[in-house]
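Structure assessment
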Amino acid sequence: MGQVIQIDEARIRDHLGEMVRGTVEETLNAMLDAEADQLCGAGRYERSEARQDTRAGSYERTLQTSAGEVNLKVPKLRRQTFETAIIERYRRRESSVEEALIEMYLAGISVRRVEDITEALWGTRVSPSTVSNLNKKIYAKIEAWRNRRIEGEHPYLYLDGIVMKRTWAGEVRNVSLLVASAVNSEGFREILGICEGAKEDKSGWSAFLRHLVDRGLKGVQLIISDACRGLTESVAEYLPEAQWQRCMVHFYRNVFSHVPATKVRDVSHMLKAIHAQESQEAANQKAKAIVDDLRAARMNTAADLVDRCVHETLTYYAFPDIHWQKIRTNNPLERIMREIRRRTRVVGAFPDGQSCLNLAAARLRYIAGSAWSTKRYMSMRPLYQKVASRFFRTFDQATAPVCTTWV
């Protein structure tokens, strides 16, 4: 019996979709007629002293809904313009459809992919210009999010930049996007801001840090980034009380550039041994031994780099050991930068810097509203306990001679 009866699920699905679309179309047309009757003060063909207007036919228009494209017959009146409260004038799509298009764009789906999805869901393709016009509606919200007030303290601050391509006077040139993320006093991650800079120099980073400080950034104890000279100089100017941690991974890559390819694995184990020590003093001693080993292996340039800069990667030892693994590298922000690169790769060269900034900021705003920021990244209690103990120890040392003299 099972071989005789065959169910065509595709036809059933199409039939149900057509029924839903037809029901939506009938319901909307009935609502338009009822609204026209209310404006006229009487029903169609009804003779009444309360009638205020008469019908003058109708015109057809289409509306894109979540159930598919429906055909509407919008009534026309002789004495007044029929303006329905059900559908905005000149609107061609249901608000839920527009919200879905914007949500897909923010989620990182390319415009070409959005066209394919809309055709599969609603049977019609949406042009790239339509998606761009819809996205302009959220640019004001993105700009407000970029300039929002920064509340609370952020002990750990991550900084990094990414280079994009844009057209400038008919030429394709580089433009840098500077991004900042942080861990707040409760241990949750936040994306603090993004700005455009001509390049990652002191002027660009100074403007970005001034932008963050003016918005209320405070309480920064440690800044994690790569060894960009313009960044380090700007940090000393705008956040003088914060310490700087050079990203351990970036430092490794700098050292590997001066090491033969056959020796990279061995040198990697040497460098990891430095950051596997239990204290900063032990790490410094291990670094000296590694420098001697590199010189003995005739890798003098790498040895000089380690000897000169390894102390910049050991700042994290001054903070609670439970945080070491998460504050000695810039990996948390690097993951976000890869997400920006994935979203912008399909564009190629942007027509201007503002469109590049808006797209990257839209993606960051979407990430900030996801589970990425709602999950506690680290417990901050050890940090503030250590700061409090350091304060009372300094206070006791400063007041001890005074107390002794008084006694």
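Being a predicted model, the structure only gives us computed values, none of them experimental.

Observations regarding the packing of aromatic side chains
Inspection of the entire model under this criterion finds six aromatic pairs. Taking the centre distance of 4.5 Å and the plane angle of 25° together, the rings of Tyr316 and Tyr317 count as stacked. For the pair shown, Tyr316 and Tyr317 are each scored as buried. Counting every residue linked through ring pairs, the aromatic cluster contains Tyr316, Tyr317 and Trp324. Sitting over the face of the ring of Tyr377, Lys326 holds its NZ or CZ atom 4.5 Å from the ring centroid.

What about helix α10 (residues 300–309)?
Buried residues of α10: Ala302, Ala303, Leu305, Val306 and Cys309, and no others. Angular distribution of buried residues about the axis of α10 spans 160°; they occupy a single face of the element. Of the surrounding elements, those touching the buried residues of α10 are β7 (243–246), α7 (248–256), α8 (264–274) and α9 (280–296).

Brief notes about the confidence of the model for the chain
On average, the chain scores 79 in pLDDT, and the residues at 70 or more come to 72%. In the predicted structure, residues 398–407 sits below a pLDDT of 50 and forms zero contacts with residues beyond four places in sequence or in another chain.

With respect to the packing of helix α5 (residues 202–214) against helix α6 (residues 229–238)
One way to put it is that α5 packs onto α6 with a least axis distance of 8 Å and a crossing angle of 35°. The hand of the α5/α6 crossing is right-handed. Contact residues: α5 offers Lys202, Trp205, Ser206, Leu209, Arg210 and Val213, while α6 offers Gly230, Leu231, Glu233, Ser234, Val235, Glu237 and Tyr238.

Description of the nonpolar core
Across soluble globular proteins, nonpolar side chains have a tendency to be buried as a group. Counting residues in each nonpolar core, the largest one holds 59 residues, and the members touching the most others are Tyr156, Val255, Ile274, Val306 and Ile327. The dominant element in this core, judged by the number of residues it contributes, is helix α13 (residues 353–368), at eight residues. Setting aside its immediate chain neighbours within four residues, Ile274 contacts Ala283, Lys286, Ala287, Ile290, Val306, Val310, Leu314 and Tyr317. Listed in part, the 21 residues of the second largest apolar core include Leu159, Ala180, Trp205 and Trp244.

Describing the side chain of Thr313
Within the element layout of this structure, Thr313 appears in the loop between α10 and α11 (324–327). Thr313 sits in the buried class, given a relative accessible area of 0%. For Thr313, the side chain forms a polar contact with the main-chain oxygen of Val310, separated by 2.7 Å. Residues within four places of Thr313 in sequence aside, it is in contact with Gln245, Arg246, Phe251 and His275.

Reading the values: rules and limits
- Residues numbered from 1 in each chain as written.
- Predicted model: local features only at pLDDT ≥ 70, side-chain atom pairs only at ≥ 80, totals over all residues.
- Heavy atoms only, no water.
- Phe/Tyr/Trp six-rings, centres within 6.5 Å; stacked < 30°, edge-to-face > 60°.
- Buried < 20%, exposed > 50% of the residue type's maximum accessible area, 1.4 Å probe, protein only.
- Lys NZ or Arg CZ within 6 Å of the ring centre and 35° of its normal.
- Helix = DSSP H or I, 4+ residues; strand = E, 2+ residues; numbered from the N terminus.
- Arc of directions from axis to C-beta.
- Contact = heavy atoms within 4.5 Å.
- pLDDT = per-residue confidence, 0-100.
- Axes fitted to C-alpha atoms, helices over the stretch in contact; angles between N-to-C directions.
- Left-handed = near helix turned anticlockwise from the far one by under 90°.
- Core = buried A, V, L, I, M, F, W, Y, C linked by side-chain atoms within 4.5 Å.
- Polar contact = N/O pair within 3.5 Å; in protein donor to acceptor, adjacent residues only side chain to side chain.

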